[in-house]
Amino acid sequence: MAIWVQKCLAVLQRCLPGHSNRSTTLHNLAVSFHVKFDQHGTLADLDEAIELYRTVLLLRPPGHSVRSVSLNNLGLCLHERFKQRGVPSDLDEAIELYRAALLLRSPGHSFRSSSLNNLANSLHDRFEQRGVPSDLDEAIELYRAALLLRPPGHSLRSSSLNNLAISLKDRFKQRGVPSDLDEAIELHHAALLLCPPGHSDRSLSLNNLAISLKDRFEQRGVPSDLDEAIELHRAALLLRPPGHSLRSTSLNNLANSLQNRFEQGGVPSDLDEAIELHRAALLLCPPGHSDRSSSLNNLAISLHDRFEQRGVPSDLDEAIELHHAALLLCPPGHSDRSLSLNNLANSLQNRFEQRGVPSDLDEAIELHRAALLLRPPGHSDRSSSLNNLANSLHDRFKQRGVPSDLDEAIELHYAALLLRSPGHSLRSSSLNNLAISLHDRFEQGGVPSDLDEAIELHRAALLLRPPGHSDRSMSLNHLALAFRDRFKQRGIPADLNEAFGLYAQVSHISHAVSHMDLTAAKSWATSAEEMNHDSALLAYQTALKFLDQRVTILSTSPRHFDVVRMATASLSMDAFSCGVRHGKLATAVELVEQGRAVFWTQLARLSSQIDELSQSGDTGAALEGEFKQLSFRLRSAFDRSTEDQSPEIRQLTMQWDDVVSRIRMLPDFSRFLLPPLFSDLQKAAEEGPVIIVNASRYGCDALIIFSAQDPVHVPLDIARSEVSELSSEFQSLAEEFGAIDCQNKLASILRELWRRVVDPVVRALEVSGVHRHSRIWWCPTAEFTLLPLHAAGPYEKKKDNFSQIYISSYTPTLTTLIRARQRVSRETSAQNFVAIGQANPDRGKELRHVAPELAIVAQRLKPVVSFTSLEDSEATVQGALNALNHNQWLHLACHGMPHHTQPFDSSFAMRDGPLMIKDIIRSNWQNPEFAFLSACHTTVGHEKSHDELIHLAAAMQFSGFRSVIGSMWSVDDEVARQVVTGFYSNLVDGSGRLDCTRAAVALHKAMKSLRKKIPLEQQIVFIHIGV
């Protein structure tokens, strides 16, 4: 190329000024420098080309035959220099030159389409730099005109389709008009058709179409768009094999799409694959690669997401290490350094919140300080850095109580507020943060002016959060708490009235219920209880209504369990207690039912009511389709969004509320998705009374529910703290069962349970006319769920224990029992029974009595039912699931493996691995009737959330089994064999058919026959759940 430049220079020396060929010679020399720049990237060559093209243009005045070529070439060079150096005047001049060239290339000119395209490209680039909408609109019109001049068959048609598509997509991103995105997708589809397999641009075309489909998925939540995007990214990746320059881009794009699908559907394999692809992309960005820091960041974010889903600490640790590595690639002076400091600081703060290690918070604070130094006065992100550092210092104050941290946080919040003047989108957030910090300083130092100022700031924040604003409930709550505290300090009644007037506004929330709305309603309830205010019951009703709405919208994937667990902690038990104390017994029952086993209730309510809707005629079926699609889009939006209230979520919520309202106008659907009324819940007691035993910090009570009379209240002389102590004592003892002689300690606990809880209930049952040996159902809450109420008794000679007075069953909720009663088997023909035994699982010790136990079951049942047995190598996860598709009756003998912190991972141990709760709830079995779970710990759930009842026996019941027998602790397998013998002898009667409603009595009789033969803890280990 240097030789060509030399030749052109030599020719130029012979064409002095005035020579007829001088402009052509200068033009050739300019082209040679331009080509040399393209090959070597030396900017001096581009500068030389520009100066030469300027000289040529002076020699080709208006009217010159090739003036348009000179205008165009100078425009191209200036446009290129803008891309290299970013000087705005180069781009502005290029645009003017392209306009002048286009005027000289009128319709019919052979280069008109090229001129239209060049001008459009430069306007598009200026839009990307400055964001002026008219530039983008004009670019789109020019691209359309160029496309018309490139009809099917034109060599540049696919390029024109692509350019127009990209511009329309950019306009969609700016203005959100759906038709722009739809047209972009159609154009990308058309461009792809012009790039068949083997075409050099095919991978680029696949990639562009995939990105647009992913954007449309993010807007509308239609899963097929995301699925198609993933397949297109996979196809593009195949065309970019190892060694291809764009392979890392394709790996990254595919990873991002899979991560989106994970956020939408919660399928762990999508996230795992995304992480592996991000790892592969990172390998292609070795030290020194320009994209390495961005690749480190992407992988860190994916690992952070997996940590949030599964809680594996190593994922968060690795994310932090990657953020550290990304920061090293952004040394002082790097444009992304402040962002990298911020990402690392936020991850460390998350780890501090999880593990409470002070050094993580200290490091986060130092990083936020460093980020702040890089965002001096005038920097667009300065207020954000001031805010982040203030929040971290506030957290450290809450942990260690050092006043200087809080004082500094307050100063930083003041500085952030000054940068967020009236009209700033984050002003209300800054007012709120400063007010909270001042309120905390008041609580520490008691200076009245701090609280007064906090109140004024909260008032100002509330004015910026009018009805409908997503953060309004947060502001109402904070301002109410401040007034409450000022009332406590100064005793002015107006402050207390103001506090509860603000709380009352919480009940009028009209948008999609957020976590913050629920927090505000719970705060209202706590304050009303503390101040003995008469709005307490309304506060609980509001909180539980919000909980119901929130859970209805959340997807029922196990990853939302923690959201539910945190939201429900003690709420329904306290609400029940409040109802009882106010003499509103029916309301108390409705509230406790509404706030317990929320995950299961939602799962069952949604599926059963949707089935009924689809069978209620054409209108119902159409509404069912609309409801399902909107529910899916709303859940997807929630899963994608970091906030509870994005504009998309608000819009979808309005549509979702509208379709629910229309469904409620149908005959028999007026209560669609609403919690049941007491009159419905009474049906649970049709076969015998149900006893709710409730523990709340405000008192413990039992309530006996009858089918045709008012509930009977039984006050219990025990505090929740004592129930908790009794439960802990019992749990500790249960871990020693079998190892040491625990009979005396166990009898002592059962006597205490009798004296404080069960005996008062028995006396109330007798007064209510419930005959001895009747069936009753226990419905315990809180720590009562961990205690064997059925086994309580005086354990003295000549005195009856509870099991000698009544026959006990349990039910997680009243609705569950009602649903089990309604689900009468439609199968009147053959009864199919499967016995599954796994004595040698992939983990856990051998169970010697499984084979004899299954032989006993077979011996008792083969004469009366169609009987199948799966043992050892056949008893696999899939084998068990397949068997349950064809059998309504189940006996399962194996190890039960409770998982106390991740309850959806609780499992039955099969030959090839665990059969988990999450596998069970995905199944759709036909008319299941009865399950005997001859395994340990099948009624043991989450250690901190007894009332969500996520355990193996509950999973079987909520998956449709009407009657279930499970165990509360470890079962001796020889005892299990004896119990099974007695149970099935009593279950099978002379009718020749099995009836699952006889299971409770059969278990009762079996245990009675073994009373003197086995230890006390084994006599009471099995419980019956259901009909």
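Here the structure is a predicted model, which means the values were calculated and not measured.

Parameters at a glance
Residues numbered from 1 in each chain as written. Predicted model: local features only at pLDDT ≥ 70, side-chain atom pairs only at ≥ 80, totals over all residues. Heavy atoms only, no water. Helix = DSSP H or I, 4+ residues; strand = E, 2+ residues; numbered from the N terminus. Buried < 20%, exposed > 50% of the residue type's maximum accessible area, 1.4 Å probe, protein only. Contact = heavy atoms within 4.5 Å. Areas by Shrake-Rupley, 256 points an atom, 1.4 Å probe, with all protein chains shown as cover. Phe/Tyr/Trp six-rings, centres within 6.5 Å; stacked < 30°, edge-to-face > 60°. Lys NZ or Arg CZ within 6 Å of the ring centre and 35° of its normal. Expected span 1.5 Å × (residues − 1). Axes fitted to C-alpha atoms, helices over the stretch in contact; angles between N-to-C directions. Parallel < 35°, antiparallel > 145°, perpendicular 65-115°, else oblique. Left-handed = near helix turned anticlockwise from the far one by under 90°. Nonpolar A, V, L, I, M, F, W, Y, C, P; charged D, E, K, R; others polar. Core = buried A, V, L, I, M, F, W, Y, C linked by side-chain atoms within 4.5 Å. Salt bridge = Lys/Arg side-chain N within 4 Å of Asp/Glu carboxyl O. Pairing = 2+ DSSP bridges. pLDDT = per-residue confidence, 0-100. Lys, Arg positive; Asp, Glu negative; His and termini not counted. Polar contact = N/O pair within 3.5 Å; in protein donor to acceptor, adjacent residues only side chain to side chain.

**Some remarks on the overall build of the protein**
For the protein, the helix and strand inventory stands at 42 helices and 14 strands. Taking all 1027 residues of the protein together, the buried fraction comes to 55%. Across the protein, the fraction of contacts at a sequence separation of at least 24, relative to all contacts at a separation of at least 6, is 67%. When the accessible surface of the protein is split by element, carbon and sulfur atoms take 53% of a total near 43100 Å².

**Some thoughts on the packing of aromatic side chains**
Tallied over the full model, the rule gives 14 aromatic pairs. When the ring of Phe833 is compared with that of Tyr984, the centres are 6.1 Å apart and the planes differ by 75°; the resulting orientation is edge-to-face. Here Tyr984 lies in helix 40 (residues 973–987) and Phe833 lies in strand 6 (residues 832–837), a separation of 151 residues in the sequence. With a relative accessible area of 0%, Tyr984 lands in the buried category. Connected via pairs of aromatic rings, a cluster forms that spans Phe833, Phe867, Trp889, Phe930, Phe932, Phe983, Tyr984 and Phe1022. A cation sits over an aromatic face here: Arg821 above Trp777, 4.9 Å from the ring centre.

**Considerations on unusual backbone geometry**
Trans peptide bonds make up the majority, and among non-glycine residues the majority have a negative phi. In this model, Asn532 sits at a positive phi of 55°, which is unusual for a non-glycine residue. As for its position among the elements, Asn532 is in the loop between helix 24 (515–530) and helix 25 (536–553). Its identity as a non-glycine residue notwithstanding, Asp668 has a phi of 75°, on the positive side. Relative to the elements of secondary structure, Asp668 occurs in the loop between helix 31 (647–664) and helix 32 (678–681). Since its relative accessible area comes to 79%, Asp668 is described here as exposed.

**Description of helix 20 (residues 427–445)**
With 19 residues, helix 20 extends 27 Å between its outermost C-alpha atoms, agreeing within 8% with the 27 Å of an ideal straight helix rising 1.5 Å per residue. At the C-terminal side of helix 20, Gly446 shows a positive phi close to 70°.

**Thoughts on the packing of helix 4 (residues 67–85) against helix 6 (residues 112–130)**
Two elements in contact, helix 4 and helix 6, have axes separated by 11 Å at closest approach and are oriented at 25°. Regarding the angle of helix 4 to helix 6, the classification is roughly parallel. Here helix 4 runs over helix 6; the crossing is left-handed. Here Asn72, Leu76, His79, Phe82 and Lys83 of helix 4 lie close against helix 6, whose contacting residues are Ser115, Asn118, Asn121, Ser122, Asp125 and Gln129. Broken down by class, the residue content of the contact of helix 4 with helix 6 amounts to 2 nonpolar, 7 polar and 2 charged.

**What about the nonpolar core?**
Nonpolar side chains in soluble globular proteins tend to end up buried together. Membership of the largest hydrophobic core comes to 135 residues, with the highest contact counts inside it found for Phe908 and Phe983. With 12 residues, helix 34 (residues 743–767) is the single largest residue contributor to this core. Here Phe983 is in contact with Phe930, Phe932, Ile965, Ala999, Ala1002, Leu1003 and Ala1006, once residues within four sequence places are set aside. Residues Phe37, Leu57, Ala120 and Leu147 belong to the second largest nonpolar core, which totals 43 residues.

**Overview of the environment of Ala875**
With respect to the helices and strands, Ala875 occurs in the loop between strand 7 (866–871) and helix 37 (877–884). If we ignore the near neighbours within four places in the chain, the residues touching Ala875 are Ile836, Gly837, Gln838, Leu870, Met910 and Arg911.

**A word on the environment of Ile1025**
Mapped onto the elements, Ile1025 comes out in strand 14 (residues 1022–1026). Looking at Ile1025, the relative accessible area reads 6%, which means it is buried. Between the alpha carbons of Ile1025 and Ala953 there is a distance of 8.0 Å; along the sequence they are 72 residues apart.

**Notes on the pattern of salt bridges**
Overall, the coordinates contain 60 salt bridges when judged by the stated rule. Among the ionic pairs, Arg99 bridges to Glu96, the shortest N-O distance being 4.0 Å. Within this pair, Arg99 and its partner Glu96 are both found in helix 5 (residues 88–103), separated by 3 residues, close to a single helical turn. Look at Arg99 and you get partly exposed, because its relative accessible area is 26%.

**Considering the sheet that holds strand 9 (residues 896–897)**
The strand order across the open sheet built from 3 strands is 9-10-11, with neighbouring strands paired in antiparallel fashion. In this open sheet, the two strands that pair with only one neighbour each are strand 9 and strand 11 (913–916). Both strand 9 and strand 10 (residues 907–910) contribute to a ladder of 2 bridges, which runs antiparallel. Looking at the pairing, Gly896 lines up with Phe908 of strand 10. Contacting strand 10 and strand 11, helix 37 runs over the sheet at an angle of about 35° to strand 11.

**So, the packing of helix 16 (residues 337–355) against helix 18 (residues 382–400)**
Contact geometry for helix 16 and helix 18: axes closest at 12 Å, N-to-C directions at 20°. Classified by the interaxial angle, the pair formed by helix 16 and helix 18 is roughly parallel. The two elements helix 16 and helix 18 cross, and the hand of that crossing is left-handed. On helix 18, the residues touching Asn342, Gln349, Phe352 and Glu353 of helix 16 are Asn388, Asn391, Ser392, Asp395 and Gln399.

**So, the confidence of the model for the protein**
In the predicted model, the protein carries a mean pLDDT of 87, and the fraction of residues at 70 or more is 90%. Low pLDDT (under 50) marks residues 555–559, which in the prediction has 15 contacts with non-local residues, meaning those over four places away or in another chain.

**Points about the side chain of Arg420**
Mapped onto the elements of the fold, Arg420 is located in the loop between helix 19 (403–419) and helix 20. Look at Arg420: it is buried, it has no salt bridge, and the nearest opposite charge is Asp381 at 8.3 Å. Reaching out from Arg420, the side chain makes a polar contact with the side chain of Ser383 at a distance of 3.1 Å. Discounting residues that sit within four places of it in the chain, Arg420 has contacts with Ser383, Ser384, Asn387, Leu426, Arg427, Ser429 and Ser430.

**Overview of the side chain of Ser115**
Along the polypeptide, Ser115 turns up in helix 6. Judged by relative accessible area, which is 1%, Ser115 ranks as buried. Filtering out sequence-adjacent residues up to four positions away, Ser115 remains in contact with Asn72, Ala101, Leu102 and Arg105.

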